[in-house]
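# Geometric and topological summary
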Amino acid sequence: MTSRSLILALGADHGGVALKTRLAAALVEAGHEVQDYGTDGPASVDYPDYAQAVCAAVAENRADFGILVCGTGIGMSIAANRHPAIRCGLAHDVTTARLTRAHNNANVLALGARIIGEEVALDILRAFLATPFEGGRHERRLAKLTRITEPAP
Ligand code: RB5
């Protein structure tokens with residue numbers, strides 16, 4: 001997956017819980033540490049609660065990256081991107097996973113369990129974790145993102 005051992009914060013709603021379990025197993029197998037913020041079963045829950053827990057772990061440097069799974073990945077990505085310290089990329093393929101790390105320096109990955117298959121999700125996760133931020137011109141753009149979330153003077 002990636003040679004460096006990472007701490008990963010995982011969260012899902014009922015639409016993503018099965019895929020989260022599969023991703024957690026693969027991450028542990030690859031030697032990473034997983035912090036699982038739930039949910040743990042099929043009962044209907046609200047995705048912002050899980051996005052908030054995972055984003056707090058990343059923002060407070062308790063985890064290197066966050067992985068959020070819901071039905072489409074959209075609700076989780078909207079929720080995560082409201083957090084000023086979070087850049088969440090919603091990926092449906094390896095290319096978007098790679099580019100959201102390389103260009104956006106995403107620190108959270110959102111996945112849609114009802115949109116992509118398990119093998120695609122695993123490939124996305126591997127690409128996300130293996131890709132470094134390119135820096136350079138992208139630094140300037142990320143600085144502008146930060147300014148959007150700062151309160152007006
Ligand atoms: C839950 O039914 C569903 O709305 C949720 O998993 C997600 O797709 C929201 O964006």
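Residues numbered from 1 in each chain as written. Predicted model: local features only at pLDDT ≥ 70, side-chain atom pairs only at ≥ 80, totals over all residues. Heavy atoms only, no water.

## Section: unusual backbone geometry
As a rule of thumb, non-glycine residues mostly have phi less than zero, and peptide bonds are mostly trans rather than cis. The omega torsion across Gly38 and Thr39 is 0°, close enough to zero to call that bond cis. Mapped onto the elements, Thr39 comes out in the loop between β2 (33–36) and α2 (47–59). Here Asn61, not a glycine, exhibits a phi torsion of approximately 60°, which is positive. The residue Asn61 is located in the loop between α2 and β3 (65–70) in this model. (Helix = DSSP H or I, 4+ residues; strand = E, 2+ residues; numbered from the N terminus.)

## Here we look at the pairing of β3
Within β3, six of the six residues are buried, which leaves the element mostly enclosed by the surrounding structure. With five bridges joining them, strand β1 (residues 7–12) and β3 adopt parallel strand pairing. The partner of Ala9 across the bridge, within β3, is Gly66. Pairing analysis gives five bridges linking β3 to strand β5 (residues 108–112), with the strands arranged parallel. Directly across from Ile67, in β5, lies its bridge partner Leu109. (Buried < 20%, exposed > 50% of the residue type's maximum accessible area, 1.4 Å probe, protein only. Pairing = 2+ DSSP bridges.)

## Side note on the side chain of Asp13
Its location among the elements puts Asp13 in the loop between β1 and α1 (17–29). Buried and unpaired, Asp13 has Arg114 as its nearest opposite-charge partner, separated by 6.1 Å. In this structure the side chain of Asp13 is engaged in a polar contact, spanning 2.9 Å, whose partner is the backbone nitrogen of Gly15. When residues no more than four places from it in sequence are discounted, the contact partners of Asp13 are Thr39, Val45, Tyr47, Val69, Cys70, Gly71 and Met76. (Lys, Arg positive; Asp, Glu negative; His and termini not counted. Salt bridge = Lys/Arg side-chain N within 4 Å of Asp/Glu carboxyl O. Polar contact = N/O pair within 3.5 Å; in protein donor to acceptor, adjacent residues only side chain to side chain. Contact = heavy atoms within 4.5 Å.)

## Notes on the site of the ligand
By nearness alone, every residue bordering the ligand is listed as Asp13, His14, Tyr47, Cys70, Gly71, Thr72, Gly75 and Arg114. At 2.9 Å from an oxygen atom of the ligand is found a main-chain nitrogen or oxygen belonging to Gly75. Class assignment of the residues belonging to the shell around the ligand gives a composition of two nonpolar, four polar and two charged. (Near = heavy atom within 4 Å. Nonpolar A, V, L, I, M, F, W, Y, C, P; charged D, E, K, R; others polar.)

## A short note on the packing of aromatic side chains
Within this structure, the stated rule accounts for one aromatic pair. Ring geometry for Phe65 against Phe128: centres 5.5 Å apart, planes inclined by 75°, an arrangement best described as edge-to-face. Of this pair, Phe65 sits in strand β3 while Phe128 sits in helix α5 (residues 118–130), and the two are 63 residues apart along the sequence. Classification of Phe128 as buried rests on a relative accessible area of 0%. Above the ring of Phe128, the side-chain terminus of Arg101 is found at 5.9 Å from the ring centroid. (Phe/Tyr/Trp six-rings, centres within 6.5 Å; stacked < 30°, edge-to-face > 60°. Lys NZ or Arg CZ within 6 Å of the ring centre and 35° of its normal.)

## Quick notes on α2
Taking 1.5 Å per residue, 13 residues should reach 18 Å; α2 reaches 18 Å between its end C-alpha atoms and fits that length. Taken together, the buried positions of α2 are Tyr50, Ala51, Val54, Cys55, Ala56, Ala57 and Val58. Along its buried surface, α2 packs onto β1, β2, β3, α3 (74–81) and β5. Taken from the residues just after α2, Asn61 is the one with a positive phi, measuring 60°. (Expected span 1.5 Å × (residues − 1).)

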